[in-house]
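Spelled out, the chains give:
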Amino acid sequence: MRDELRLELSGEKTLITHARTSAAKFLGYEITTQHNTSGRKSVNGIIGLRVPRTVITAKSAPYLRHGRPATLHALQNLDDHDIVEAYGAQYRGIAQYYLLAGDVYRLNRLRWVMESSLLKTLAAKHGSSMSAMAARHKTTIGTPHGPRTCFEAVRRREGNRKPQVARFGGIPLKRQKYAVISDRIPGPEPLPLQGAGHRLLRRRRELRGNSDQVQVHHIARLAELP
């Protein structure tokens, strides 16, 4: 690397390991070479991608209290559409990012944790039960791998405008060899901006609902107000 390519390697960021016994980490994945002991030699030596267990633990943590799925009280006062949208966006970003992994099915643990937390949050909002919320929002959608169950909340809008649909789940956790990663891994913050604050950051006028530039003018200094 140094003599022929004229590259200097960082000791802190460089790892030399045996890929059969120890995984290398790169862009959130674990990279290994596959080895089959059951007689299928065709897979021996093929590079495999895995979901790190630490990722599942870290992404589940915001939705757990004392090791169990919990209500997110910071989302409790939003409407059902925004609650489902907040959970759905987080889960969708993680699941889509790891579709290249051979063991993407391991994200079923994260799905269960987030799903239980979602239903608890909805139940707390309505003073109801998780089973009642599941019955209200559960639906079935079509996917390339067949029908899948998910949770859906619909926001009706005035006039002929299409309703807004928020979904959680419904993503087949099966490896997609040629998946295109077009989404980022969401950060640890499970509480995206919602409502008026979100629209203000997008420069959206509250009354008109368009995306024109917004200007704010103060008619007096705060100190001069009665």
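Each value, and the rule that gives it
- Positions within a chain are numbered from 1, following the residues in the order the chain's sequence is written.
- Only residues with pLDDT of at least 70 get local features here, since the model is predicted, and only at 80 or more are side-chain atom pairs given and counted; chain-wide, interface and lining totals rely on the full set of residues.
- The basis for the side-chain values is all heavy atoms of the structure; hydrogens and waters are excluded.
- Convention adopted: a line fitted to C-alpha atoms gives each axis, helices being fitted over their contacting stretch, and angles between N-to-C directions are expressed from 0 to 180 degrees.
- Secondary structure elements are taken from DSSP: a helix is a run of H or I of four residues or more, a strand is a run of E of two residues or more, and numbering for both begins at the N terminus.
- For classification, angles of less than 35 degrees are called roughly parallel, those exceeding 145 degrees roughly antiparallel, those between 65 and 115 degrees roughly perpendicular, and all remaining angles oblique.
- Throughout, a contact is declared for two residues whenever any of their heavy atoms are within 4.5 Å.
- Under the scheme applied here, ten amino acids are nonpolar (Ala, Val, Leu, Ile, Met, Phe, Trp, Tyr, Cys and Pro), four are charged (Asp, Glu, Lys and Arg), and all others, including Gly, are polar.
- Pairing between two strands requires that DSSP report at least two bridges joining them.

*Asks:* Before we go on, may I ask you to explain the packing of helix 2 (residues 80-97) against helix 3 (residues 108-126) in this structure?
*Replies:* When two helices pack together, their arrangement is given by the angle between the helix axes and the distance between those axes. Closest axis-to-axis distance for the helix 2/helix 3 pair is 10 Å, and the angle between their directions is 170°. The pairing of helix 2 with helix 3 is recorded here as roughly antiparallel in orientation. Here helix 2 contributes Asp80, Ile83, Val84, Tyr87, Gln90, Tyr91 and Ile94 to the contact with helix 3, which in turn contributes Leu110, Arg111, Met114, Ser117, Leu118, Thr121, Leu122, Lys125 and His126. Among the residues making up the contact of helix 2 with helix 3, the classes are represented as nine nonpolar, four polar and three charged.

*Asks:* What should I look at first to understand the sheet that holds strand 1 (residues 24-26) in this one?
*Replies:* Remark on secondary structure: sheet strands pair via backbone hydrogen bonds, oriented parallel or antiparallel. Taken together, the three strands give an open sheet; going across it, the order is 1-2-3, and neighbouring strands pair in antiparallel fashion. At either margin of the open sheet sits one strand with a lone partner, and together these are strand 1 and strand 3 (47-50). When the angles between neighbouring strand axes are averaged without regard to direction, this sheet yields 35°. In this sheet, strand 3 lies alongside strand 2 (residues 29-33) in antiparallel orientation, the contact comprising four bridges. When the bridges of strand 3 are listed, Ile31 appears paired with Leu49.

By themselves these figures say nothing about function.
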